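Given next are the chains, with one letter for each unit.
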Amino acid sequence: MNKEKLFKSISGIVTLFSFLFIVSFSILVPSTSRKFYYYEVDRYKIDQSTGIEKNEIINAYDDVMDFIWRGKEFKTGTLNHSEKGAEHFKDVRTLFRLNLAIFIISTVALITYILLYYLDIIKPYYRFGYSPLFYGAIIALFLSLFISVFALIDFFTLFYFFHLLFFPFNEDWVFDSIDDEIINILTIDYFKDCAIMFAIILLVLSFSFIIYSKIKKAKSIKKSEN
């Protein structure tokens, strides 16, 4: 394989990792932000709508987060939960930890690429004058726009298809509000706001990569003209 083909292959890999970095980071923020949920409890007055004390709601949510991120035993505070519900959160934990792994790997890959680039060890292939970071951001941008439009039109359908896609072999995610009271405090409005946060972060990161690439292209053109 000659150097040109090698650098083209590297650019394709960098495009993939830049896309994965943007998406995984955008998922990581809402999925780990406890304060965001606390804000949602007050915003939607979940304690009033459910008749559950606010401290009970927070304790139940914290127990679930501790299970997902700290490896503690599955609990939902003083709220009821079933074995079926616990199994679903095991699946959720697997997905979130997979996302964390993707974020770490993509971050390390991009940092390595940037270091090798500035040390002049690799020369990425610039398609139409744009770096591979640009194309990763463009793909992520289209994903964000798709999710945003879908969420605005019919978030419940988006939510339903999301679960069919990521939990295709069981229906553990279909909770009974009596057996699994946690579903009463994890409202559809909360999940919708998580999707909005995801889309906003993804948009900001995508545009940051795109603007950086455009500035770099403009400087390259100016340098070649001088």
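Rules of the game
- Residues numbered from 1 in each chain as written.
- Predicted model: local features only at pLDDT ≥ 70, side-chain atom pairs only at ≥ 80, totals over all residues.
- Heavy atoms only, no water.
- Salt bridge = Lys/Arg side-chain N within 4 Å of Asp/Glu carboxyl O.
- Helix = DSSP H or I, 4+ residues; strand = E, 2+ residues; numbered from the N terminus.
- Buried < 20%, exposed > 50% of the residue type's maximum accessible area, 1.4 Å probe, protein only.
- Patch = residues over 30% accessible without salt bridge, like charges linked within 9 Å, V, L, I, M, F, W, Y side chains within 5 Å.
- Areas by Shrake-Rupley, 256 points an atom, 1.4 Å probe, with all protein chains shown as cover.

A. Focus on the pattern of salt bridges. Applying the stated criterion across every chain, the model contains seven salt bridges. Note that Glu 40 and Arg 43 form a salt bridge whose closest N and O atoms lie 3.8 Å from each other. Of the two residues, Glu 40 and Arg 43 are both situated in helix 2 (residues 34-43); the distance of three residues between them amounts to about one turn of the helix. Residue Lys 90 is joined to Glu 87 by a salt bridge in which the shortest nitrogen-to-oxygen separation is 3.2 Å. Placement of the pair is Lys 90 and Glu 87 together in helix 5 (residues 83-118), with a separation of three residues, close to one helical turn. Overall, Lys 90 belongs to the partly exposed group, its relative accessible area being 36%.

B. Region of the structure containing unusual backbone geometry. Positive phi is not limited to glycine here, since Lys 45 has a value of about 50 degrees. Position of Lys 45 among the secondary structure elements: in the loop between helix 2 and helix 3 (46-50). When its relative accessible area of 44% is taken as the criterion, Lys 45 is described as partly exposed.

C. Molecular detail of a nonpolar patch on the surface. On the surface, a nonpolar cluster with roughly 490 Å² of combined accessible area is contributed by Phe 156, Tyr 160, Phe 161, Leu 164 and Ile 188. The leading source of residues in the nonpolar patch is helix 6 (residues 132-166), at four residues. Looking at the element boundaries, Phe 156 is found in helix 6.

Bear in mind that shape data such as this cannot, by itself, settle questions of function.
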